[in-house]
Amino acid sequence: PSASGYGSQGLFQMKLYYIEWFDAEMTEDRWTDLEDAEESCKEELKSCKTVGFLLKDTGDRLHITQTDGGTCVGPILHIPVCCIVSRREINGFSME
């Protein structure tokens, strides 16, 4: 398949991936006392875990889709590479 994910016959040849990544996090949706705000800075970010088809790797982001509808895909998740902790192809999976 080409870098876009399309094979020579125009059909998707997408590979399935498991990706662990960190997302931005908001701890409060209101005004917070400064002392409480500083305390919240000590909390660890929680990682996100995603399984999906690799639509495209643009170098700075991985574009993952949950559903391959043949001529359409969706939804699409755009994950910045700098946020990715680990990724691995799920081998042995066939779309046939």
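Our structure is the block above this text.
Residues numbered from 1 in each chain as written. Predicted model: local features only at pLDDT ≥ 70, side-chain atom pairs only at ≥ 80, totals over all residues. Heavy atoms only, no water.

## Considering a nonpolar patch on the surface
A cluster of nonpolar side chains, contributed by F22, L45 and V85, occupies part of the molecular surface with about 250 Å² of accessible area. Here F22 is to be found in strand β1 (residues 16-22). On the basis of relative accessibility, which here comes to 32%, the residue F22 falls in the partly exposed class. (Patch = residues over 30% accessible without salt bridge, like charges linked within 9 Å, V, L, I, M, F, W, Y side chains within 5 Å. Areas by Shrake-Rupley, 256 points an atom, 1.4 Å probe, with all protein chains shown as cover. Salt bridge = Lys/Arg side-chain N within 4 Å of Asp/Glu carboxyl O. Helix = DSSP H or I, 4+ residues; strand = E, 2+ residues; numbered from the N terminus. Buried < 20%, exposed > 50% of the residue type's maximum accessible area, 1.4 Å probe, protein only.)

## Description of the environment of Y17
Mapped onto the fold, Y17 is located in strand β1. Given the relative accessible area of 16%, Y17 is considered buried. Expressed as a C-alpha distance, the spacing of Y17 and I90, which sit 73 residues apart in the sequence, is 5.4 Å. The contact partners of Y17, leaving out residues within four places of it in the chain, are T50, V51, G52, L54, R88, E89 and I90. (Contact = heavy atoms within 4.5 Å.)

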